[in-house]
Amino acid sequence: MTIDKLLKGLKAWDPRAIGRAISLVENGDDSAEAILSSLDEDLISEATILGITGPPGAGKSTLTNGIISQLRQSRKRIGIIAIDPSSPISGGAILGDRIRMMQHATDQDVVMRSMATRGRLGGLCATAGAAVRIMASCGCSNIIIETVGVGQSEMDIIRLADITLLVLAPGLGDDIQAMKAGLLEVADILVVNKADCKGADILAMDLEAVTRKGSATPTPVSMTVATESKGIAELLDQIEKVDSEHRDSGERQKRRRGAHNQEVLDWCLEILRPRLLAEITKKGLPLLGDPRLKAKKILEEQ
Ligand SMILES: Nc1nc2c(ncn2[C@@H]2O[C@H](COP(=O)(O)OP(=O)(O)O)[C@@H](O)[C@H]2O)c(=O)[nH]1
Ligand SMILES: [Mg+2]
């Protein structure tokens with residue numbers, strides 16, 4: 001496909017062209033600049049980027065599926081980016097997500113993309129950001145980024161979102177407690193999924209108590225039964241409410257700007273790392289002395 005044809009395809013909502021454009025950017029192709037500068041800034045700023053995170057098994061994929069169904073009722077075009085931390089060998093989670101989202105797989109108005117975190121040296125945040133912009137520019141009014149809430153790269157990706165949902169469920173074990181601490185801070189809305197299961201009310205009450213502590217504006221808590229599409233319409237109302245507050249207060253623009261700065265930083269580090277290592281190796285530095293000082297000197301020489 002020539003670049004002209006590709007750009008035309010992007011403007012005319014051709015899902016194949018969208019997939020191709022994302023691949024080209026992902027692979028660092030020379031055409032990346034032409035693709036990314038041709039995008040529609042207004043459509044990108046209008047689209048809502050929703051981050052969905054939480055521990056494995058909480059019901060993120062099932063909930064994503066439900067949200068897509070609901071949004072599709074108003075004929076909105078949707079983009080999905082599933083960030084998968086599983087090893088390329090097991091492939092388990094990717095396969096699971098694909099199967100769960102299968103009901104939308106043949107929908108021409110839903111574009112999906114899986115990205116693996118493992119075996120990658122950074123740069124994921126930057127490529128995910130580019131994929132979000134391509135999808136938005138092509139006409140996706142909503143882009144959903146689903147990621148397991150573990151590890152730094154997943155946390156970085158969630159910064160791309162305008163609104164972040166933290167999905168929890170009762171009975172996931174104590175290790176979740178520790179993880180929640182960091183995740184609670186990034187969440188705009190807490191979702192207690194599996195509200196049909198024992199312990200959901202207590203979990204919701206606990207979360208409400210935690211977020212009310214020391215905060216003038218407690219994080220809203222929504223309850224859902226993703227498997228039965230219960231609570232999803234209410235959740236979407238809540239998302240809309242938070243989104244419009246963020247638009248009014250300038251929070252949304254602030255986050256977009258911050259996320260883009262982060263993307264560029266991501267690339268700076270990606271490019272700098274091998275360059276600096278080569279420089280350090282060449283110097284054959286003495287083993288004694290403060291390595292911090294050595295680092296500063298090397299950076300000053302750049
Ligand atoms: N009882 C119940 N099970 C659910 C609910 N939502 C998801 N599940 C089940 O929980 C399991 C994990 O769901 P999944 O969406 O893959 O979780 P993810 O790992 O967070 O993406 C699946 O077997 C789902 O069918 C719910 O609301 N209630
Ligand atoms: Mg999943």
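Residues numbered from 1 in each chain as written. Chains lettered and ligands numbered in written order. Predicted model: local features only at pLDDT ≥ 70, side-chain atom pairs only at ≥ 80, totals over all residues. Heavy atoms only, no water.

Phi at Trp 13 takes a positive value of approximately 50°, unusual for a residue other than glycine. Take Trp 13: it is sitting in the loop between α1 (3-11) and α2 (15-26). For Trp 13, a relative accessible area of 9% translates into the label buried. At Ser 229, a position not held by glycine, the phi torsion is positive, near 55°. Turning to its location among the elements, Ser 229 is positioned in the loop between β7 (221-223) and α12 (232-249). On the accessibility criterion, Ser 229 (48% relative accessible area) is partly exposed. (Helix = DSSP H or I, 4+ residues; strand = E, 2+ residues; numbered from the N terminus. Buried < 20%, exposed > 50% of the residue type's maximum accessible area, 1.4 Å probe, protein only.)

Read across the open sheet, the seven strands follow the order β3-β2-β4-β1-β5-β6-β7; overall the sheet is parallel. Single-partner strands in this sheet number two, and they are β3 (110-116) and β7. Taking the axes of each pair of neighbouring strands and ignoring which way they run, one obtains an average angle of 20° across the sheet. As paired elements, strand β2 (residues 78-84) and β3 share seven bridges and run parallel to each other. From the neighbouring strand, Ala 82 faces β3, where its bridge partner is Ser 114. Packing against the sheet, α12 makes contact with β1 (48-54), β5 (163-168), β6 (189-192) and β7, and its axis sits at approximately 145° to β5. (Pairing = 2+ DSSP bridges. Axes fitted to C-alpha atoms, helices over the stretch in contact; angles between N-to-C directions. Contact = heavy atoms within 4.5 Å.)

It is worth spelling out the pairing of β6 at this point. Every second residue of β6 is oriented toward a common face, with Ile 189 and Val 191 on one face and Leu 190 and Val 192 on the other, all of them buried. As paired elements, β5 and β6 share four bridges and run parallel to each other. Its bridge partner being in β6, Leu 166 is matched across the sheet by Leu 190. Bridge count for β6 against β7 is three bridges, and the pairing is parallel. Looking across to β7, one finds that Leu 190 is bridged to Val 221.

In this section: the nonpolar core. Formed by 35 residues in total, the largest nonpolar core has its most connected members in Leu 10, Ile 18, Ile 81 and Ile 134. Listing elements by their share of this core, those giving two or more residues are α1, α2, α3 (32-37), β2, β3, α8 (124-137) and β4 (142-148). Each of domain 1 (1-38) and domain 2 (40-265) accounts for three or more of the residues forming this core. Core analysis: the next-biggest nonpolar cluster, separate from the first, contains 23 residues, Ile 78, Ile 189, Ile 232 and Leu 235 among them. (Core = buried A, V, L, I, M, F, W, Y, C linked by side-chain atoms within 4.5 Å. Domains from an automatic or database assignment.)

What follows covers the layout of surface pockets. Unoccupied space between atoms shows up once a probe the size of one water molecule is rolled over them. What the largest pocket holds in volume is close to 600 Å³. Where the lining of the largest pocket is concerned, the elements lending two or more residues are α4 (41-46), α8 and α13 (251-283). Broken down by element, the residue count for the lining of the largest pocket peaks at seven residues, all from α13. In terms of residue class, the lining of the largest pocket is built from seven nonpolar, four polar and eight charged. No other element matches the five residues that α12 contributes to the lining of the second largest pocket. Partitioned by chemical class, the residues of the lining of the second largest pocket number nine nonpolar, seven polar and six charged. (1 Å grid on protein atoms, 1.4 Å probe; cavity = no way out; pocket = protein on both sides within 12 Å on 5 of 7 lines; lining within 4 Å. Points joined across faces, edges and corners; volume = space filled by probe spheres on them. Nonpolar A, V, L, I, M, F, W, Y, C, P; charged D, E, K, R; others polar.)

Here we take up α13. Compared with the 48 Å implied by 1.5 Å per residue over 33 residues, the 46 Å span of α13 between its first and last C-alpha is a close match. Within α13, the axis deviates most sharply at Leu 272, by approximately 30°, and proline Pro 274 lies no more than four positions further along. All of the buried residues in α13 are Arg 252, Ala 259, Glu 263, Asp 266 and Leu 276. Backbone geometry just downstream of α13 places Gly 284 in the positive-phi region, at approximately 55°. (Expected span 1.5 Å × (residues − 1). Bend = angle between axes of the 7 residues up to and from the residue.)

Another aspect to go through is empty space enclosed by the protein. Here the structure, examined in full by the defined rule, presents two cavities of 30 Å³ or more. Taken as a whole, the second largest cavity spans an internal volume of roughly 30 Å³. Lining the second largest cavity are Ile 22, Val 25, Glu 26, Met 115, Thr 127, Ala 130, Ala 131 and Ile 134. Going through the elements one at a time, α2 and α8 are the ones with two or more residues in the lining of the second largest cavity. Residue contributions to the lining of the second largest cavity peak at four residues, all from α8. Residues belonging to the lining of the second largest cavity are distributed by class as follows: six nonpolar, one polar and one charged. Counting residues domain by domain, the lining of the second largest cavity receives three or more from each of domain 1 (1-38) and domain 2 (40-265).

As a further point, take the environment of Gln 262. Along the polypeptide, Gln 262 turns up in helix α13. When the C-alpha positions of Gln 262 and Leu 160 are compared, they lie 9.1 Å apart, and in sequence the two are 102 residues distant.

Another point: the packing of helix α5 (residues 60-73) against α12. It is at 10 Å that the axes of α5 and α12 come closest, and there the two elements cross at 80°. One element, α5, and the other, α12, form an angle in the roughly perpendicular class. Together, Leu 63, Gly 66, Ile 67, Gln 70 and Leu 71 of α5 and Ile 232, Ala 233, Leu 235 and Leu 236 of α12 make up the contact between the two elements. Partitioning the contact of α5 with α12 into residue classes produces seven nonpolar, two polar and no charged. (Parallel < 35°, antiparallel > 145°, perpendicular 65-115°, else oblique.)

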